[in-house]
Amino acid sequence: MARVVVDVMPKPEILDVQGQAVSRALTRIGVTGIEVRQGKHFELEVDESVDDETLHRIAGDLLANPVIEDWTVTRV
Amino acid sequence: MSARIGVITFPGTLDDVDAARAVRYAGAEAVPLWHGDHDLQGVEAVVVPGGFSYGDYLRAGAIASLAPIMREVVDAAGRGLPVLGICNGFQILCEAGLLPGALTRNEKLHFVCRDQVLRVDNADTAWTGGYAGGDEIVVPVKNAEGRFVAAPDTLAELEAEGRVAFRYVGGNPNGSMNDIAGVTSANGRVVGLMPHPEHAIDLLTGPSVQGLGLFTSVLGALAGASL
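Residues numbered from 1 in each chain as written. Chains lettered and ligands numbered in written order. Predicted model: local features only at pLDDT ≥ 70, side-chain atom pairs only at ≥ 80, totals over all residues.

**Comments concerning the overall build of chain B**
Phase 1: The secondary structure content of chain B amounts to 5 helices and 11 strands.
Phase 2: When the backbone C-alpha atoms are referred to their principal axes, chain B occupies close to 45 × 40 × 35 Å.
Phase 3: In chain B, which comprises 227 residues, the share counted as buried stands at 57%.
Phase 4: Taking as baseline every contact in chain B between residues at least 6 positions apart, the subset at least 24 positions apart corresponds to 74%. (Helix = DSSP H or I, 4+ residues; strand = E, 2+ residues; numbered from the N terminus. Buried ≥ 20, exposed ≤ 12 C-beta atoms within 10 Å, placed from the backbone. Contact = placed C-beta atoms within 7 Å.)

**Thoughts on the environment of Met9(A)**
Residues and elements named next belong to chain A.
Phase 1: Tracing the sequence through the fold places methionine 9 in strand S1 (residues 2-10).
Phase 2: Since 19 C-beta atoms lie within 10 Å of it, methionine 9 is described here as partly exposed.
Phase 3: Along the backbone, methionine 9 and asparagine 65 are 56 residues apart, and their C-alpha atoms lie at a distance of 9.9 Å.
Phase 4: Excluding residues within four positions of it along the chain, methionine 9 makes contact with Arg37, Gly39, Glu69 and Asp70.

**Here's the deal with unusual backbone geometry**
Leave glycine aside and you will find that most residues have negative phi; peptide bonds, for their part, are mostly trans.
Phase 1: A positive phi angle, near 60°, is found at Cys87(B), a position not held by glycine.
Phase 2: Mapped onto the fold, Cys87(B) is located in the loop between strand S4 (83-86) and helix H3 (88-95).

**Let's talk about the sheet that holds strand S3 (residues 45-48) of chain B**
Residues and elements named next belong to chain B.
Phase 1: Ordered by their spatial adjacency, 9 strands build an open sheet running S2-S1-S3-S4-S11-S10-S9-S6-S7, and the pairing between neighbours is mixed. The strands lining the two open edges of the sheet, one partner per strand, are strand S2 (29-34) and strand S7 (136-143). Direction aside, the axes of adjacent strands within the sheet are offset by 25° on average.
Phase 2: In terms of strand pairing, S3 meets S4 through 3 bridges, oriented parallel. Bridge pairing in S4 links valine 48 to glycine 85.
Phase 3: On the sheet, helix H1 (residues 16-25) packs against strand S1 (4-9), S2, S3 and S4 and is oriented at approximately 175° with respect to S1. (Pairing = 2+ DSSP bridges. Axes fitted to C-alpha atoms, helices over the stretch in contact; angles between N-to-C directions.)

Laid out in structure tokens, this is it:
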């Protein structure tokens, strides 16, 4: 089995209201100067037979929505 | 014989009962459809109602869009079956690729629950043929992820082709691009909107009866009266 990480982030032009809310909360614990964008991190245990093309397909077809999100696939 | 209109239930659907009631108020037979089935039971149109589905894990509507019944809906929509998605149903239709764009967290992260004025911008779809273009209707809106977004070229295409079916009037509740509340497919057979017309069919429980028009419109479309 191999380990693969898929990271999904809202596209830069998409308003990330969750990230904004986290950024504002940081100021409440006295930390300023940080802007947060919030995404998703998936850890996949994959059989050796699963090729990169399949990994990119599942990332683009299911784990991310290409309308609003970008993603990266990394074998670790 | 009255038209048979399917109403899908997913794990977590809340508004299937009201959607079925709206179908009956319109004069059709409501046929319950189950998310795990591959059988559309020969219905002539389908309503994908609101609420939640599969916990809305991953993204709202993402997992439901891959449910067995949705594979049948996507195939049938390709053959011209009228499909209406309301709220979570709209999210599911976008995730299934039947409608363009995506629904994201509301501006300011507010859950918005209020009576909302909508303008019918396209009265030539299977679900809006009973309205006149420019009609304003009052229906409830209730969601946390109703902010419609689309890529700039997609948005321009929707506007140029008149595919914005409903637009928010008197205040955009969630930051949706171009005040878009609902859109239609290129052929006008598939419509999705975030507000809830099925909750506005009886003055006992809703702010108006102006939502019923979507459900009567499709009967006209099925009869060939408005398309």
